[in-house]
Amino acid sequence: MINIQQDFISISDKHGEIVRWLDNEWIEDPAVTAAISNAIDIYHTKGSEYLRDIIDNKIFNSEYANKLAVHLHHDVSIVSYHDMKNNIINVSLECNECNEVILDSRGLELDEWE
Ligand SMILES: [Zn+2]
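Quick notes on the packing of helix α2 (residues 31–46) against helix α3 (residues 48–55)
Now for step 1: Running from N to C, α2 and α3 cross one another at 140°; their axes reach a closest spacing of 7 Å. On the basis of the axis angle, α2 is oblique to α3. Contact residues: A39, I42, Y43 and K46 in α2; S48, Y50, L51 and I54 in α3.
Now for step 2: Residues belonging to the contact of α2 with α3 are distributed by class as follows: 6 nonpolar, 1 polar and 1 charged.

Some remarks on the nonpolar core
Now for step 1: The biggest cluster of nonpolar side chains holds 7 residues, and these are I11, I18, A39, I42, Y43, L51 and I54.
Now for step 2: When contributions to this core are tallied by element, the ones reaching two or more residues are α2 and α3.
Now for step 3: Per-element tally for this core: the top contributor is α2, with 3 residues.
Now for step 4: Sequence-distant contacts of I11, defined by excluding residues within four places in its chain, comprise I2, I18, V19, A39, I40, Y43 and L51.

Some details on the sheet that holds strand β3 (residues 16–22)
Pairing between the strands of a sheet is mediated by backbone hydrogen bonds and can be parallel or antiparallel.
Now for step 1: One open sheet accounts for 3 strands, arranged β1-β2-β3; its pairing is antiparallel. Each end of this open sheet is capped by a strand with a single partner; those strands are β1 (2–4) and β3. With strand direction ignored, the average angle separating the axes of adjacent strands in the sheet is 15°.
Now for step 2: Sheet analysis places β1 next to strand β2 (residues 8–13), joined by 3 bridges and oriented antiparallel. Within β2, the position partnered with N3 by the bridge is S10.

Digging into the confidence of the model for the chain
Now for step 1: Residues of the chain with pLDDT of at least 70 account for 87%, and the chain-wide mean is 85.
Now for step 2: Per-element confidence in the chain ranges from a low mean pLDDT of 72 for helix α4 (residues 60–69) to a high of 95 for β2.
Now for step 3: Note that residues 108–114 has pLDDT below 50 and, in this model, 6 contacts with residues that lie over four places away or in other chains.

Things to note about the environment of N24
Now for step 1: Checked against the element boundaries, N24 lands in helix α1 (residues 23–28).
Now for step 2: For N24, a count of 11 C-beta atoms within 10 Å corresponds to the exposed category.
Now for step 3: For the pair formed by N24 and F8, sequence separation is 16 residues and the distance between their alpha carbons is 8.8 Å.

Procedures and definitions
- Residues numbered from 1 in each chain as written.
- Predicted model: local features only at pLDDT ≥ 70, side-chain atom pairs only at ≥ 80, totals over all residues.
- Axes fitted to C-alpha atoms, helices over the stretch in contact; angles between N-to-C directions.
- Helix = DSSP H or I, 4+ residues; strand = E, 2+ residues; numbered from the N terminus.
- Parallel < 35°, antiparallel > 145°, perpendicular 65-115°, else oblique.
- Contact = placed C-beta atoms within 7 Å.
- Nonpolar A, V, L, I, M, F, W, Y, C, P; charged D, E, K, R; others polar.
- Core = buried A, V, L, I, M, F, W, Y, C linked by C-beta atoms within 7 Å.
- Buried ≥ 20, exposed ≤ 12 C-beta atoms within 10 Å, placed from the backbone.
- Pairing = 2+ DSSP bridges.
- pLDDT = per-residue confidence, 0-100.

Pasting the structure below:
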């Protein structure tokens, strides 16, 4: 179940709590909200066991490894994007040789990785 409160959001199943975010986490880093919505989406589409495995790093290490290995020895950069007031609105890891965004601060795009 997903428990959304004013000061925390948690996801749990019959085995207990899978993950919990506290309000100071998303206040300090608004990108956390993307990770929260991604986790909720995974919980609904792939189930709590899959989400638990992701959070325990049992799944996406190998998916990340395969995705990142494509860019081994390539020229990569961390790039920030700004709005008109010069606030950072996105940060990404990009491959300059493939002209491709590998990861960005919207969170984990696991669906793209399959
Ligand atoms: Zn590349």
